[in-house]
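Below, each chain spelled out in residue letters.
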Amino acid sequence: MNKIHAAITAVQGYVPDYVLSNKELESLVDTTDEWIISRTGIKERRILKGEGLGTSDMAVHAVNGLLKKRGISAEEIDLIIFCTTTPDMPFPATANILGDKIGAKNAWGFDLQAACSGFIYGLTTASQFIESGKHKKVLVVGGDKMSSIIDYTDRTTCIIFGDGCGAVLLEPNEEGNGIMDAILKSDGSGRQYLNQKAGGSLKPASHESVDNKEHYVFQEGKTVFKFAVTNMADVAAEIMERNELSADDVAYLVPHQANKRIIDATAARMGVGSEKVMINIERYGNTTNGTIPLCLWEWESKLKKGDNIILAAFGGGFTWGAVYIKWAY
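This is a predicted model, so every value here is computed, not measured.

About the criteria used
- Residues numbered from 1 in each chain as written.
- Predicted model: local features only at pLDDT ≥ 70, side-chain atom pairs only at ≥ 80, totals over all residues.
- Heavy atoms only, no water.
- Helix = DSSP H or I, 4+ residues; strand = E, 2+ residues; numbered from the N terminus.
- Polar contact = N/O pair within 3.5 Å; in protein donor to acceptor, adjacent residues only side chain to side chain.
- Contact = heavy atoms within 4.5 Å.
- Pairing = 2+ DSSP bridges.
- Axes fitted to C-alpha atoms, helices over the stretch in contact; angles between N-to-C directions.

**Topic: the side chain of Asn173**
Tracing the chain through its elements places Asn173 in strand E7 (residues 163–173). Polar side-chain contacts of Asn173 include one of 3.2 Å to the backbone nitrogen of Asn177. When sequence neighbours within four positions are dropped, the list of residues in contact with Asn173 reads Lys3, Ile4, His5, Ala7 and Ala328.

Below is the structure:
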């Protein structure tokens, strides 16, 4: 019997209609289009507008599209892993809310929080359920409504983040394709440089915490950038070395879309040319857990069965890692 791998068999994304351009940000904070593009590579980002809409609402669009594409019903899903930093509520899990909204009556689920590395953490976690033989169809969703925790008077963060969601379906594969290897890392000492100070058990919401804007993303940009450039590049190179992959063997690098300079540094460390790097940061900004599945969705038509793909991410906490996938269709 051949080894079972967890293979991606469908992918779908969703981004809201509203486009927040650099030009519009110029009217909100002291910044310029030229400055934002030169520092980050971002030209615009999408924002989820409308009363009563949360991260799960974007996921419904992505997942329903995925199910239709794969030709299966929601009732066939065994498990939902929802990777998000902006859950609809502290509890219940957004995975459970999503399951109810799409009619996944036979699935159990949970949320996974690893900031911008969440989606690759979720993929790796989901692969264990497939490889064990216990589950046949696992949904991994990565999405965030970052506009809900961004201070649009803080020019260090509001230029970076956007809203969006992507989803993949994992199924067993015995042809030697699927998730082949993963290296995941974390270092909690980095928590002081990128966080949301209030809203948890350490500092529950209060009049003071709201007045002090402690429910928004805080980032010490230079420190985070330095850590991200080094660690994301190193782990991507490490997974190639461990699997004896040369730059020629890699069809695509799928990097977390946080900053164009971090992406370029990772590609350079791997030795892969820009033509092999999936980039959509200029249109969507950093959608946190949504970046990697949105890239896979946009590049899906270019992927070929057996392609070697490296996913790499870095997130607050700090969290980082890389996943090696052989594309299955």
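**Some words on the sheet that holds strand E8 (residues 178–186)**
Ordered by their spatial adjacency, 4 strands build an open sheet running E8-E13-E12-E11, and the pairing between neighbours is mixed. In this open sheet, the two edge strands, each paired with only one partner strand, are E8 and strand E11 (250–255). Each strand axis lies, on average, 15° off the axis of its neighbour in the sheet, ignoring direction. One ladder, built from 5 bridges, connects E11 with strand E12 (residues 308–315); its direction is parallel. Paired with Tyr252 across the two strands is Ile309, which belongs to E12. Taken strand by strand, helix H7 (residues 221–242) contacts E8, E11, E12 and strand E13 (319–326), and its axis lies near 155° from that of E12. Lying over the sheet, helix H10 (residues 291–299) contacts E11 and E12, oriented at roughly 140° with respect to E11.

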